[in-house]
Each structure stands twice: as structure tokens, then as C-alpha cells.
Amino acid sequence: MNALVAAPDSVAIKARARELGFDVCGITSADPARHADFFRQWSADGKAGEMQWLARNPDRRTDPQAVLPGARSIIVAGLNYWQPQPEGRGRVARYALGDDYHHILLEKLAALAAAITEAGEQSKVYVDTGPILEKPLAERAGIGWQGKSTMLIHPKLGPWLLIGEILTTLELEADPPARDHCGSCSRCISACPTGAITAPYQLDARRCIAYLTIELKGSIPEELRPLIGDRVYGCDECLDVCPWNRFAQTTREARFLAPPEESGRDRLRDLLEITPAEFKRRFANSPILRVKRRGLLRNVCVVLGNIGTAEDLPALEKAAREEEPLVREHAEWAIRRIKG
Ligand code: SF4
Ligand code: SF4
């Protein structure tokens, strides 16, 4: 393909990323991911639980050349999504309070990649649904380090980054990799309610509340339900306790913010009574759509079983008559817990 315009360099790419609203942007080479062997072992040990999509195509996930032959560079760009938790019963992980980040990031990455394709080079855009390992790449691109919680930590924005990548055949100057600043801290390990961080830098996804409330499709193991506490969707515990939070700022992306009506309402009972049509309408643009109504109601029942009162029993008794066996089973468990 003939180049229509001059190819942008690293400086121009980063300036364009800032214009598009990205909070961070770094560049690395398209060499295979450093943690490739660790990742293969992690999925072979079954620690991905039901997330079989993660274990599929390990070569594609760890070698950028298998995704875009001739790739020379990877641009990693991210958005800060921190915001205060809305008041009211039941917590939702902050990334899921507003609109689905996949659409927002993909739209911005596509705009960033346009400068590359206009210059006749190839590019491929990814946001965690894609087949590449993101956090080790972000670390290599100098954005932050993968902390003991396995989350990506930025020295100024803390662990509140959503990232995406552009693989490109364009040769760009790489940034120096980020250094690990966890030091002797182990707050995330001690704070994890389920002991899912089994050792520094090691996560057993099968025990993680994010997995249990989002990825797991069936029944939540009974022994883990009490540990879920008031978390309806995902968990921010290991992020909240990280000392690198101290400079965290509210996101500049309005679409990440919780709708104002989220604050102060009785979210739990509202959700338990939501009809299928209301669910589709209310969560049309939300990451919560992914767990479907049955998954959300299952989670609400678990939370009510942990923090509910006698006043929640009528709504739970209604849920125990739902058509969906998954909801019925969790509602019955919650009723037993409250009555017990
Ligand atoms: S998200 Fe929650 S459950 Fe998962 S590792 Fe972090 S603290 Fe533990
Ligand atoms: S809480 Fe401490 S150990 Fe965990 S990621 Fe943050 S700095 Fe690292």
C-alpha cells in the first residue's frame, strides 16, 4: 500500500493519544510477552477456572507475531476510571458503574490507529477480548508494573487503569519498562476476602470475587458466599488498599461515571425486582449486561444473604419463586441466612 501521509513517530502518537483523552500511553516492541511461560503454566494448572477463552490459543495470547505478522511495535494506551463509590447498599466494582469500557476504549484506539493506517502501515486494535496478554505488555511499555495483586499499578493513577493496545507494523521508539514498586508491601494479599492472591503475583481466579460474581455462570460455592460480603458485581478490595492510590483522581471520561440516580437508592431490592425487559434497558450499555439477569439476581441474593434484614424477606421470597433455578437456589440460601 502506498503511504498517503508521513508515518507518525512516537512523540506524535502520544500527543494524539492525549488529544483523544487517554490518560496514559506507552510503546513497546512486538516481542513475545515476558510472562509467556508463567501464563501457560497458570492456565494448565486450571487457575483460570471457567474462563476457557483465556486458556485458548496460548501462542496467540503471548506472541504478537501470531496476531499481526510483521508487527514491530505495540502501543498501549489507558484511561483512568477511578470514582467514589455511590452511597447505598451493595457495591459494584468501579469499572462497571458506568458504560462498558470496551466500546469507549475501542472507539478511542481506532481513532489513534487511524494516523497509522493513513500512513500505509497495518494495525490491529485490542481491548482485553483480544488474544494478547495485556498487563505484561503495559509494564514493558513503561505504563506501570504488575503488582503483587496482579493488577497493573500506575505510580500516579494507582490501579485504576483500563488499557487497550494497538499492534502495528510501524517501527516506533520504545519506552523503558516500568519498575516494580511494591517493595515490602503486601496489603493486597492480606486484604483479599477470599485468599485468592495465594502468593505475591499469583492469583487463583477460582477464588476471586470478580470471577465468582462475573465469570462463573453457575452456582457460587456455598463456602465462598459469606466471603463475598456486599459485593454485587466484581471486587475492588485489592485495589482500594493499594498505597499507590494516594493520588487517584476522578475519571475525566463522563461515560464511566455512575448515573446520578445510583446514589442513595436501595439498589439491592430494586435489582431483585427487576423484570427481564427493565434489565435489558437499564444495563444496555453496561458491563453488567454480560452476567445476564440470572447472574445479577444470583449475586444480589448472595449479598442479601450476607447483609440483608427481615425487611428483605418479601423480595427474596418472590425471588425464590422465580422460574430460573439458579436464582431460586440462591434466594433460598439468603432466606435461610437471614432467618438463621
Ligand atoms: S478482586 Fe477481590 S477477591 Fe479478587 S483478588 Fe482482589 S481482593 Fe481478592
Ligand atoms: S497493595 Fe502493595 S503489594 Fe499490593 S499491588 Fe499495591 S503496592 Fe503492590
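Basis of the calculations
Residues numbered from 1 in each chain as written. Chains lettered and ligands numbered in written order. Predicted model: local features only at pLDDT ≥ 70, side-chain atom pairs only at ≥ 80, totals over all residues. Heavy atoms only, no water. Salt bridge = Lys/Arg side-chain N within 4 Å of Asp/Glu carboxyl O. Helix = DSSP H or I, 4+ residues; strand = E, 2+ residues; numbered from the N terminus. Buried < 20%, exposed > 50% of the residue type's maximum accessible area, 1.4 Å probe, protein only. Arc of directions from axis to C-beta. Contact = heavy atoms within 4.5 Å. Near = heavy atom within 4 Å. Nonpolar A, V, L, I, M, F, W, Y, C, P; charged D, E, K, R; others polar. Pairing = 2+ DSSP bridges. Axes fitted to C-alpha atoms, helices over the stretch in contact; angles between N-to-C directions.

> Describe the pattern of salt bridges, with residues and values.
Going through the model one piece at a time under the given rule, you end up with 20 salt bridges. A salt bridge links aspartate 312 to arginine 89; its shortest N-O distance comes to 2.9 Å. With aspartate 312 in the loop between helix 13 (292-307) and helix 14 (313-319) and arginine 89 in the loop between strand 2 (73-80) and strand 3 (91-92), the pair connects residues that are 223 residues apart, well separated along the chain. One salt-bridge network, in which partners are shared between bridges, spans Arg91, Asp230, Arg231 and Glu237.

> Outline helix 1 (residues 10-19), supporting the account with residue identities and numerical values.
Every buried residue of helix 1 is accounted for by Ser10, Ile13 and Ala17. The buried residues of helix 1 all sit within an arc of 65 degrees when viewed along its axis, so they share a single face. Exposed residues pointing more than 90 degrees away from the buried face of helix 1 are listed as Val11, Arg18 and Glu19. As for helix 1, its buried residues are in contact with strand 1 (24-29), strand 2 and helix 6 (101-117). In the stretch just after helix 1, glycine 21 is the one whose phi turns positive, near 100 degrees.

> Now, about the site of ligand 2: what can you tell me, with residues and values included?
Every residue close to ligand 2 is listed here: Gly147, Lys148, Ser149, Ile153, Cys182, Cys185, Arg187, Cys188, Cys242, Pro243 and Trp244. Residues of the shell around ligand 2, tallied by class, amount to seven nonpolar, two polar and two charged.

> Could you give an account of the sheet that holds strand 1, with specific residues and numbers?
With respect to topology, four strands assemble into an open sheet ordered 1-2-7-4, the strand pairing being antiparallel. Every interior strand has two partners, whereas the edge strands, strand 1 and strand 4 (123-126), have only one. The average angle at which neighbouring strand axes cross in this sheet is 20 degrees, direction not considered. Where strand 1 meets strand 2, six bridges bridge the pair, whose relative direction is antiparallel. In the strand pairing of strand 2, threonine 28 is matched with isoleucine 74. Relative to strand 1, helix 1 is tilted by about 150 degrees, and along the sheet it contacts strand 1 and strand 2. Strands strand 2, strand 4 and strand 7 (161-168) of the sheet are contacted by helix 6, whose axis makes an angle of about 30 degrees with strand 7.

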